[in-house]
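The chain contents come next:
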Amino acid sequence: MEDKHIQIKVSRTICGACHCLCGVLVHVRNGHIIKIEGDPEHPQNEGIMCPRGLSYIQQIYHPDRIKYPMKRVGERGSGKWERISWSEALDTIAAKIRQAREEYGPESVGLMFCDGLRGNENWQFSFMHALESPMICGTDAHYCLRPQGNADMATFGLGNFISHCEGNGPQFEHSKCILIWGANHFQTELTAARRIIKGLKNGAKLIVADPRFTNLAAKADIWLQVRPATDTALALGMINYIIKHEIYDKKFVENYCFGFEQLKERAEQFPLRKVSDITWVPEEKICQAATMYATLKPASLDMFMGLSMHNNSMQALRAVDCLMALAGNIDIEGGNLIKTPKPVRMFHTSVEPATRLSQEKMAKAPGVNLWPMFYGYNATIDANSHPPSFFDMLLTGKPYKIKVLLNAADPVMGKQESKKVREAIKKADFFVTFDFFISPTASLADILLPAASYLEKDLVQGHAYVNHFGVTGKVIEPVGECRDEAEVFIELAERLGIEFALPMKSVKEFSDWQLKPSGKTFDEMRGEKVVSVPVSYKKYEEEGYRFPTPTGKIELYSKRFEQYGYDPLPYYEEPPCSPYSTPELFKKYPLILISGARILFFYHGAGRQIPWLRELCPDPAIEIHPETAEKLGISDGDWVWIETSQKEGRVKQKAELTLGIHPNVVHARSHWWFPERKDDPERGCMESNINAVMGSDPPYDPISGSTVVRGCLCKIYKVEEDNRL
Amino acid sequence: MIQKNLYVDLEYCFGCRVCEVACKQENNIPVGVKRINVVTVGPRIAEGKLKTDFVPMRCRHCAKAPCIDACREGAISKRSDGIVLINPELCIGCMLCSEKCPFGAIQLNPETQAAEMCNLCFHRTDAGLEPACVHHCPADCMYFGNINDIMKIIRKKQSERMLEKETGL
């Protein structure tokens, strides 16, 4: 029984349930968290929270949480574990790394990471650099966030997300027009959603480009129901329209943009009729949207992964960047802002150039030679390896055999060709996973390490957000023997006798180093409000300002792309499989499949074991237009099989009939597994996981190496008695 | 009598269901029971356009609450500030109240075996705080207070919307 007389202590910290980094107030009684609520004094969220953050208490104290280091005792993947001590775990891992390094070289040690732990990845990177292994794989590098960064880099010379809310680029709340392209903040980042709603309350018009009638599209004045993966054509059509009708910002373009004539010429190839035929968006809607965005000033724009997950993705992002520049919405109040630097050393900066691996050594990572601008030494944002190539390397042992694989991600659920990814991971002689729960990927581990959550560790926060920085300070002692992964990498380095690239010997020293430019220490900031950095506008009007591009201007014609041999102007390419590029295949697979749209309740593959979240979204569902469903004899709630033209096999999901999708398009929920299936060590991870039937083969985007995730072809049919298994 | 209540501006509700989870945590409500539940209506065709609405359904704390009359155990009462409360000690879980509720707002809590519905977080609001749902609503479209005071805010807003429609501004 809890003693109700023991006083409740309320601690201020920053949430780590996803990347929004909301301020939270954590109520603790007798060392036990009893409530987590939004901090009204934090400028990012102003008191609000999302379902993930509000239910985090059920994650911390979940009975299935990994609480102790464990080693595999049965066959790999059989789900049989035995608790071990931290020293046994670390001794074993260190011995395996030492052996691999001595016998096969440093390249035989690999690391995979993604969003999951929301920790300080700096330590993992530094550890790998100290080991002299370039085999670091951000498993989403080819299509998440880095494409935005690279497109912005090419256009503005700024790789910090002027075009996306994670950089606080778009200032929605002061806009007269908001254009959201291939993103839905109402299901991903409520901090951005809050600012979009503020804009709407102030009278802003909303344009949404999305193949689905999302809850964001439901609030839109204009919804552009674009055919999946044809965004570049739509953007070029809008560019052509605003140039032809001379409604672009002439003065801004003249003063600050390079390559207008070339872009104009390129866009002329995209007259309205043609664009409408390609994108399935009616001509008048293209005109309305282009006019609204170009003439209602200020207008803010946000684009995200709807554009970055196909083989024409870099040019799609570039085209939208150009549209933004033509409308002159750069660094004005209510437009898209250029970040003001913060006095804090953040994410992606820890591996200082002087102590990084050499260009030659980093080029050993898979994919660097094929996409040299995007990966390896020259990467704008940390992207060491091309993920599909990394999995090929794991599988074939070429050019390097990975003996020891460290992991803090769940690529079996998150990556296309799940079965291949699973087989690839099994090829590593020794596989270690850090996680909160035994995910389908973690189930393959030889050693499982229990990760500390944001409530159980210290962390400097603020990498993504321009206007402020603060700290996540430990609120409770870790549950069981959970530990901050940063500490674990420090201890591993000690055991191996390797020197970190940084001079810091502890998490605390490192945190203080991160905060040093601000004149504060970690302990001074613990439990305190975040520090805001004032916003400024029109920095380019300052004497001598140059955009950090080769020409010093915003490059509609990208010199950076030209230097690397890429087309410096946006161009459209029809998806490799589509009703037009492969009409015969389309007869056999008559639906365009999209997947990966996020649900607010889950953070990618995580959260399906949290009762309050799973209740809100119990099943994997495929969205089908009622007309299509009727032709196929499918009713709402029926289970249907999905087969794609990309990979053999099939997965099943539950039909959700909706008018909010085109009759020729279906959307399947991604990342679906069944943590509740305790008898199955794999937790049904291939049954409804759409990535199991999606491919990761070429053609890749020539610049980013993105695979075709948006817009492959599929067929669906009802699950019947005779085809149930 | 003062009538405290919750008002939701449906124009800005976007169906995030934060209110549902905020309520669950605040009041420790088990799976399967919801004091507030956002119902999605649509997508449907309305006036030639596709439309989806989100309607947070919850106890309306009716001035003439039919649930109070329906309860034979005298377990439901109305406070002087208008909040309708179920006393779980007196409730026998017969759910006669739910049959009379025009909004489907009352469910049986399997843990307490008593009827469960919104109590406007009176433990918070009596202390001057907002209900948990209002505090966490990202659209800032939920209002708590004296319903007549809330209506003053709404009137102003609706008058602006009305003019906007007339003049097409």
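## Focus: the overall build of chain A
- Along its length, chain A carries 24 helices and 25 strands.
- Compactness check: chain A gives a C-alpha radius of gyration of 25 Å against a globular reference of 27 Å for 725 residues, within 12% of the reference.
- In terms of overall dimensions, chain A has C-alpha extents of about 70 × 70 × 60 Å along its principal axes.
- The burial tally for chain A puts 66% of its 725 residues in the buried class.
- Of the accessible surface of chain A, which amounts to about 24900 Å², a share of 49% is contributed by carbon and sulfur atoms.
- Side chains of chain A carry 86 positive and 92 negative charges; the gap between the two charge centres is 1 Å.

## Re the overall build of chain B
- Helix and strand content of chain B: six helices and eight strands.
- Helices and strands appear in chain B in the N-to-C order β-α-β-β-α-β-β-α-β-β-α-α-β-α.
- Projected onto the principal axes, the alpha-carbon positions of chain B cover approximately 55 × 35 × 30 Å.
- With 169 residues in all, chain B has 49% of them scored as buried.

## Examining the pattern of salt bridges
Residues and elements named next belong to chain A.
- A complete count under the given rule lists 65 salt bridges over all chains for this structure.
- One salt bridge in this structure joins Asp458 and Arg526, with 2.9 Å as the shortest N-O distance. Taken together, the residues Asp458 in the loop between strand E15 (447-450) and strand E16 (459-461) and Arg526 in the loop between helix H20 (522-525) and strand E18 (531-532) connect sequence positions 68 residues apart.
- Since its relative accessible area comes to 31%, Arg526 is described here as partly exposed.
- Linked by salt bridges that have partners in common, Asp91, Arg483, Glu487, Glu491 and Arg495 make up one network.

## Re the pairing of strand E17 (residues 468-472) of chain A
All names here are of chain A.
- Among the five residues in E17, five count as buried, and that is most of the element.
- Judged from the three bridges that link them, E16 and E17 form a sheet pairing that is antiparallel. Counterpart to Val460 in the pairing with E17 is Val471.
- In this sheet, E18 lies alongside E17 in antiparallel orientation, the contact comprising two bridges. The residue of E18 that forms the bridge with Phe469 is Val531.

## Regarding the packing of helix H7 (residues 231-244) of chain A against helix H11 (residues 283-295) of chain A
Residue and element names in this part refer to chain A.
- At their nearest, the axes of H7 and H11 sit 9 Å apart, and the two run at 65 degrees to each other. One element, H7, and the other, H11, form an angle in the roughly perpendicular class. For the crossing formed where H7 meets H11, the hand is right-handed. Contacts between H7 and H11 pair Leu234, Met238, Tyr241 and Ile242 from the former with Ile286, Cys287, Ala289, Ala290, Thr291 and Ala294 from the latter.
- For the contact of H7 with H11, the per-class residue count stands at nine nonpolar, one polar and no charged.

## Considering the side chain of Asn5 of chain B
Residues and elements named next belong to chain B.
- With respect to the secondary-structure elements, Asn5 resides in strand E1 (residues 4-8).
- For Asn5, a relative accessible area of 9% translates into the label buried.
- From its side chain, Asn5 meets the backbone oxygen of Arg60 in a polar contact 2.7 Å long.
- If sequence neighbours within four positions are ignored, Asn5 has contacts with Arg60, His61, Leu120, Tyr143, Phe144, Gly145, Ile147 and Ile150.

## Let's talk about the interface of chain B and chain A
- Contacts between the two partners involve 37 residues from chain B and, on the opposite side, 36 residues from chain A.
- Between chain B and chain A, the buried area comes to about 2900 Å², and carbon and sulfur atoms account for 60% of it.
- Where chain B touches chain A, the interface holds four salt bridges.
- Notably, a salt bridge pairs Glu615 of chain A with Lys24 of chain B, separated by 2.6 Å at the nearest N-O pair.
- Scanning the region where chain B abuts chain A turns up 16 residue pairs in polar contact (both at pLDDT 80 or more).
- Looking at the side of chain B that touches chain A, the elements that each hand over two or more residues are helix H1 (18-27), strand E2 (36-46), strand E3 (49-58) and helix H5 (132-136) of chain B.
- Residue contributions to the side of chain B that touches chain A peak at seven residues, all from H1 of chain B.
- Here the residues of the side of chain B that touches chain A sort into 19 nonpolar, seven polar and eleven charged.

## Quick word on the side chain of Arg227 of chain A
All names here are of chain A.
- The topology assignment puts Arg227 in the loop between strand E10 (222-224) and H7.
- Take Arg227: its relative accessible area is 1%, and that puts it in the buried class.
- Among the polar contacts made by the side chain of Arg227, one reaches the side chain of Glu574 at a distance of 3.0 Å.
- When neighbours within four sequence positions are excluded, Arg227 is seen to be in contact with Ile278, Thr279, Trp280, Tyr572, Glu574, Pro575, Ser578, Pro579, Tyr580 and Ile592.

## Remarks on the sheet that holds E18 of chain A
- Read across the sheet, three strands follow the order E16-E17-E18 (chain A) without closing on themselves; strand pairing throughout is antiparallel. Strands at the two margins of the open sheet, each flanked by one partner only, are E16 and E18 of chain A.

## Describing H7 of chain A
Residue and element names in this part refer to chain A.
- If you check H7, its first and last C-alpha atoms are 20 Å apart, about what 14 residues at 1.5 Å a residue would give, namely 20 Å.
- Taken across its 14 residues, H7 has 13 buried, putting it largely inside the fold.
- In the segment just after H7, Glu246 is the residue with positive phi, at about 50 degrees.

## Overview of the domain arrangement of chain A
- Segmenting chain A into domains produces domain 1 (70-143 + 360-465 + 481-504), domain 2 (158-337) and domain 3 (583-723).
- Using C-alpha coordinates to define each centre, domain 1 of chain A is positioned 37 Å away from domain 2 of chain A.

## Observations concerning the sheet that holds strand E12 (residues 299-303) of chain A
Residues and elements named next belong to chain A.
- The strand order across the open sheet formed by four strands is E10-E9-E8-E12, and the pairing between neighbours is parallel. With one partner strand each, in any of the chains shown, E10 and E12 form the two edges of the open sheet. If you compare each strand with its neighbour and ignore which way they point, the axes differ by 10 degrees on average.
- Pairing analysis gives three bridges linking strand E9 (residues 205-209) to E10, with the strands arranged parallel.

## Here we look at the nonpolar core
- Among the nonpolar cores identified, the biggest contains 191 residues, and Phe127 and Leu455 of chain A together with Met142 of chain B are the most heavily contacted of them.
- Here Met142 of chain B is in contact with Leu6, Tyr7, Val8, Cys19, Ile36, Cys133, Val134 and Cys137 of chain B, once residues within four sequence places are set aside.
- The next biggest cluster of nonpolar side chains, apart from the first, holds 79 residues, and it includes Ile278, Met303, Ile338 and Met373 of chain A.

## A short note on the packing of helix H3 (residues 86-104) of chain A against helix H18 (residues 485-496) of chain A
Residues and elements named next belong to chain A.
- At a minimum axis separation of 9 Å, H3 and H18 run at an interaxial angle of 55 degrees. By the criterion of interaxial angle, the relationship of H3 to H18 is oblique. Read as a crossing pair, H3 and H18 show a hand that is right-handed. Contacts between H3 and H18 involve Trp86, Ser87, Leu90, Asp91, Ile93, Ala94, Ile97 and Arg98 from the former and Val488, Glu491, Leu492, Arg495 and Leu496 from the latter.

## Concerning the pairing of strand E3 (residues 32-38) of chain A
Residues and elements named next belong to chain A.
- Within E3, five of the seven residues are buried, which leaves the element mostly enclosed by the surrounding structure.
- Relative to E3, strand E2 (residues 23-29) runs antiparallel, the two being bridged by six bridges. Residue pairing for E3: His27 is matched across the bridge by Lys35.
- What sits between E2 and E3 in their antiparallel hairpin is a turn of two residues, with Asn30 showing a positive phi close to 55 degrees.

Rules and cut-offs
Residues numbered from 1 in each chain as written. Chains lettered and ligands numbered in written order. Predicted model: local features only at pLDDT ≥ 70, side-chain atom pairs only at ≥ 80, totals over all residues. Heavy atoms only, no water. Helix = DSSP H or I, 4+ residues; strand = E, 2+ residues; numbered from the N terminus. Rg over C-alpha atoms; globule rule 2.2 N^0.38 Å. Buried < 20%, exposed > 50% of the residue type's maximum accessible area, 1.4 Å probe, protein only. Areas by Shrake-Rupley, 256 points an atom, 1.4 Å probe, with all protein chains shown as cover. Lys, Arg positive; Asp, Glu negative; His and termini not counted. Charge placed at Lys NZ, Arg CZ, Asp CG, Glu CD. Salt bridge = Lys/Arg side-chain N within 4 Å of Asp/Glu carboxyl O. Pairing = 2+ DSSP bridges. Axes fitted to C-alpha atoms, helices over the stretch in contact; angles between N-to-C directions. Parallel < 35°, antiparallel > 145°, perpendicular 65-115°, else oblique. Left-handed = near helix turned anticlockwise from the far one by under 90°. Contact = heavy atoms within 4.5 Å. Nonpolar A, V, L, I, M, F, W, Y, C, P; charged D, E, K, R; others polar. Polar contact = N/O pair within 3.5 Å; in protein donor to acceptor, adjacent residues only side chain to side chain. Buried area = accessible area lost by both parts, 1.4 Å probe. Expected span 1.5 Å × (residues − 1). Domains from an automatic or database assignment. Core = buried A, V, L, I, M, F, W, Y, C linked by side-chain atoms within 4.5 Å.

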